[in-house]
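For reference, the chains in residue letters:
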Amino acid sequence: MSKIVKLFKNNKKDKPPKAEIITEQKEPEPIPTTKCGKPLVLDNTRWEKRLQKELMSLIKEPPPGVSVDEDSVTRNLSQWKINITGFEGTLYEGENFQLLFKFNHKYPFDSPEVTFIGNNIPVHPHVYSNGHICLSILTEDWSPALSVQSVCLSIASMLSSCREKKRPPDNTLYVNTCNKNPKKTKWWYHDDSV
Amino acid sequence: MENEQNDNVNRDELIMQQQRDIEREISDTIPLVSEKLPVNCLNAEYIGDAVFTSKIEDLSAKYSHLRRTRPDGNCFFRAFAYAYLEHLISNKEDYDKFRQLGENSKDKLVQLGFPSFTLEDFHETFMEVVKRVDPSTSNPDILSEQLHKIFNDQGYSDYVVVYLRLLTSGKLQEEADFYQNFIEGNFTIEEFRHQEVEPMYKESDHIHIIALCSALGVGVRVEYMDRGEGGTVKAHDFPEGQTPKVFLIYRPGHYDILYPK
């Protein structure tokens, strides 16, 4: 059990985040194939089926403050724009934000790539000014049982619990040097100063 | 000064990341579940190593074969599922019980608060796999071959792993008061489930094994083989006292399937 304990002790989430860039790697092939070179047809159809299902549910029963930009999805099922409104009684009350979700063919085994886009990037200690978000379920703690909806809810709750509008302490450095894809960042969910 | 220190930390982290990438690449070339191999094939990994050689000899006295699983962090779940389904192929009574339990498990997880929305895909595929080894549909050889094929198809294999992770997580939640005792520090069962159980590729510890075994009512014997003294492997049954149906070998960080003589 000692491994677990150590892991948890290093994993204090409410400290300010610190981001670090991982060297650029080869982009994954667009169509996944098995070792023998046979395309994983099953995965492709499941991937689409799952996204369609999530989309229907999000359109029919959107969580409060969340709406899908249906035009964006019609154009491309692997990129969704989602509008999110700051809740009443929070620092972001009445503000409108837009999230971009990108999915690859390994979804839901790979997490979606999620960033804030547009003119209004929330000023928040876990959101960089380029729209990258430091949220563990988007990398380390992603599980295939999570969904677009649960990610939206986590982001909404992250915004709601904010007590002071400010950027992460390493914002300038990170924004100037990071990869376009936030999943290529090694996120530190703990405080490095200890 | 502080910046310099940070740079050093970053470089270390980069090296570690590269190391992980290399490990992932190696592991991806190993099949998800291998063919049956004689137990003494392990000797090749420990040539000239007296401790392990003597332990492999001890292991060979009790077990004839093993099956390797891909070291991708999911090995306990994959090995468990494969070994138990293989047992069910020739045990109609256990099979029927397990299939019923599997059918009912989804509603139970939904009651525990898992979103039926994402759960149902995994449950459906899990049950499809269970149905494909139904002993009343074919002879054991054909079913075993089928099982092996299914478990080496990532599209099925990983869905089964996810579902077992969810069942494990469900059990931890259901008996949170009990399992909380196994977790030290100020961490809740909730955090543990979301960070160490539900995500893919996170390695399993005793707590995962105990929770899954109790959720499914299946006994597992794990033979521990490490650098420890004594020259013999050490068996541990989960839950204690239950007749094991699944046999696994644990070497630090990894589980493979064993076949008793």
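Parameters and conventions
- Residues numbered from 1 in each chain as written.
- Chains lettered and ligands numbered in written order.
- Predicted model: local features only at pLDDT ≥ 70, side-chain atom pairs only at ≥ 80, totals over all residues.
- Heavy atoms only, no water.
- Helix = DSSP H or I, 4+ residues; strand = E, 2+ residues; numbered from the N terminus.
- Buried < 20%, exposed > 50% of the residue type's maximum accessible area, 1.4 Å probe, protein only.
- Contact = heavy atoms within 4.5 Å.
- Areas by Shrake-Rupley, 256 points an atom, 1.4 Å probe, with all protein chains shown as cover.
- UniProt positions renumbered as here; feature names shortened; annotations may be inferred.
- Axes fitted to C-alpha atoms, helices over the stretch in contact; angles between N-to-C directions.
- Parallel < 35°, antiparallel > 145°, perpendicular 65-115°, else oblique.
- Left-handed = near helix turned anticlockwise from the far one by under 90°.
- Nonpolar A, V, L, I, M, F, W, Y, C, P; charged D, E, K, R; others polar.
- Domains from an automatic or database assignment.
- Salt bridge = Lys/Arg side-chain N within 4 Å of Asp/Glu carboxyl O.
- Polar contact = N/O pair within 3.5 Å; in protein donor to acceptor, adjacent residues only side chain to side chain.
- Pairing = 2+ DSSP bridges.

Engineer: Please clarify how the overall build of chain A should be interpreted in this entry.
Structural biologist: Counting its regular elements, chain A contains 5 helices and 6 strands. Taken from N to C terminus, the helices and strands of chain A fall in the order α-β-α-β-α-β-β-β-α-α-β. Burial statistics for chain A: of 194 residues in total, 48% are counted as buried. Taking contacts inside chain A between residues at least 6 apart in sequence as the whole, the part at least 24 apart equals 64%. Accessible surface for chain A amounts to roughly 10,200 Å². Of this, 53% is attributable to carbon and sulfur atoms.

Engineer: I would appreciate a short explanation of the UniProt feature "site: Interacts with free ubiquitin" (unreviewed entry) in chain B in the present structure.
Structural biologist: Residue and element names in this part refer to chain B. Under the local residue numbering, the UniProt record ascribes the feature "site: Interacts with free ubiquitin" (unreviewed entry) to Ile-210, Tyr-224, Asp-226, Tyr-250 and Tyr-255. Setting aside its immediate chain neighbours within four residues, Ile-210 contacts Tyr-179, Phe-182 and Phe-238. Summarising the element assignment, Tyr-255 is placed in strand 6 (residues 254-260). What Tyr-255 contacts, discounting residues up to four positions off in sequence, is Thr-69, Cys-75, Phe-76, Ser-204, Ile-209, Val-222, Leu-248, Ile-249 and Tyr-250.

Engineer: Explanation requested: the packing of helix 3 (residues 75-89) of chain B against helix 6 (residues 140-151) of chain B in the structure shown.
Structural biologist: Two quantities define a packed helix pair, namely the angle between the axes and the distance from one axis to the other. Residues and elements named next belong to chain B. At a minimum axis distance of 10 Å, the contact between helix 3 and helix 6 shows a crossing angle of 165°. As summarised for this structure, helix 3 and helix 6 are arranged roughly antiparallel, according to the angle between their axes. As helix 3 runs across helix 6, the sense of the crossing is right-handed. For the pair helix 3 and helix 6, the contacting residues are Arg-78, Ala-81, Tyr-82, Leu-85, Glu-86 and Ile-89 in the first and Pro-140, Leu-143, Ser-144, Leu-147, His-148 and Phe-151 in the second. A per-class count over the contact of helix 3 with helix 6 returns 8 nonpolar, 2 polar and 2 charged.

Engineer: Even after reading the chapter, I still don't get the domain arrangement of chain B, so can you show me in this structure?
Structural biologist: Reports of interface size often rely on the accessible area that becomes lost once the parts have come together. All names here are of chain B. For chain B, the assigned domains read domain 1 (1-29) and domain 2 (31-260). In this assembly, 4 residues from domain 1 lie in contact with 4 residues from domain 2. In this structure, the connection of domain 1 to domain 2 is made through 0 salt bridges. For the interface between domain 1 and domain 2, the tally reads 0 residue pairs in polar contact (both at pLDDT 80 or more). Across the side of domain 1 that touches domain 2, the residue classes tally to no nonpolar, 2 polar and 2 charged.

Engineer: Explain the side chain of Arg-78 of chain B to me, please; I cannot follow it from the model alone.
Structural biologist: Residues and elements named next belong to chain B. When you line up the elements, Arg-78 lands in helix 3. Judged by relative accessible area, Arg-78 falls into the buried class, the value being 0%. With sequence-adjacent residues up to four places away left out, Arg-78 is seen in contact with Leu-32, Val-33, Asp-72, Phe-151, Ser-157, Asp-158 and Val-161.

Engineer: Would you mind going over the UniProt feature "active site" (unreviewed entry) in chain B with me for this structure?
Structural biologist: Residue and element names in this part refer to chain B. The UniProt record annotates "active site" (unreviewed entry) at Asp-72, Cys-75 and His-254. These annotated residues cover 183 residues of sequence, and their C-alpha atoms all fall within 8.9 Å of one another, placing them together at a single site. In this fold, Asp-72 is placed in the loop between strand 2 (63-69) and helix 3. If near-sequence neighbours (up to four positions away) are discounted, Asp-72 is found in contact with Leu-32, Arg-78 and Tyr-201. Within the secondary structure layout, His-254 lies in strand 6. If near-sequence neighbours (up to four positions away) are discounted, His-254 is found in contact with Thr-69, Arg-70, Pro-71, Cys-75 and Ile-249. Engagement of the side chain of His-254 in a polar contact is seen with the backbone oxygen of Thr-69, the distance being 3.1 Å.

Engineer: What am I meant to see in the environment of Tyr-201 of chain B here?
Structural biologist: All names here are of chain B. By the secondary structure assignment, Tyr-201 is in the loop between helix 9 (189-197) and helix 10 (206-216). C-alpha of Tyr-201 to C-alpha of Gly-230: the two residues are 29 residues apart in sequence and 32 Å apart in space. Not counting residues up to four positions away in its chain, the partners in contact with Tyr-201 are Arg-24, Asp-72, Gly-73, Asn-74 and Arg-165.

Engineer: Before we go on, may I ask you to explain the sheet that holds strand 3 (residues 219-224) of chain B in this structure?
Structural biologist: The strands making up a sheet associate through backbone hydrogen bonding, with each pair oriented either parallel or antiparallel. Residue and element names in this part refer to chain B. Pairing is mixed across the open sheet formed by 6 strands, whose spatial order is 1-2-6-5-3-4. A strand with exactly one partner marks an edge of an open sheet, and here the two such strands are strand 1 (33-38) and strand 4 (234-238). Across the sheet, the mean angle separating the axes of adjacent strands is 30° when strand polarity is ignored. By the bridge criterion, 4 bridges tie strand 5 (residues 244-251) to strand 6 in an arrangement that is antiparallel. Along strand 6, the bridge assignment pairs Leu-248 with Ile-257. In the packing of helix 2 (residues 50-62) onto the sheet, the strands contacted are strand 2, strand 3, strand 5 and strand 6, and the crossing angle to strand 2 comes to about 110°.

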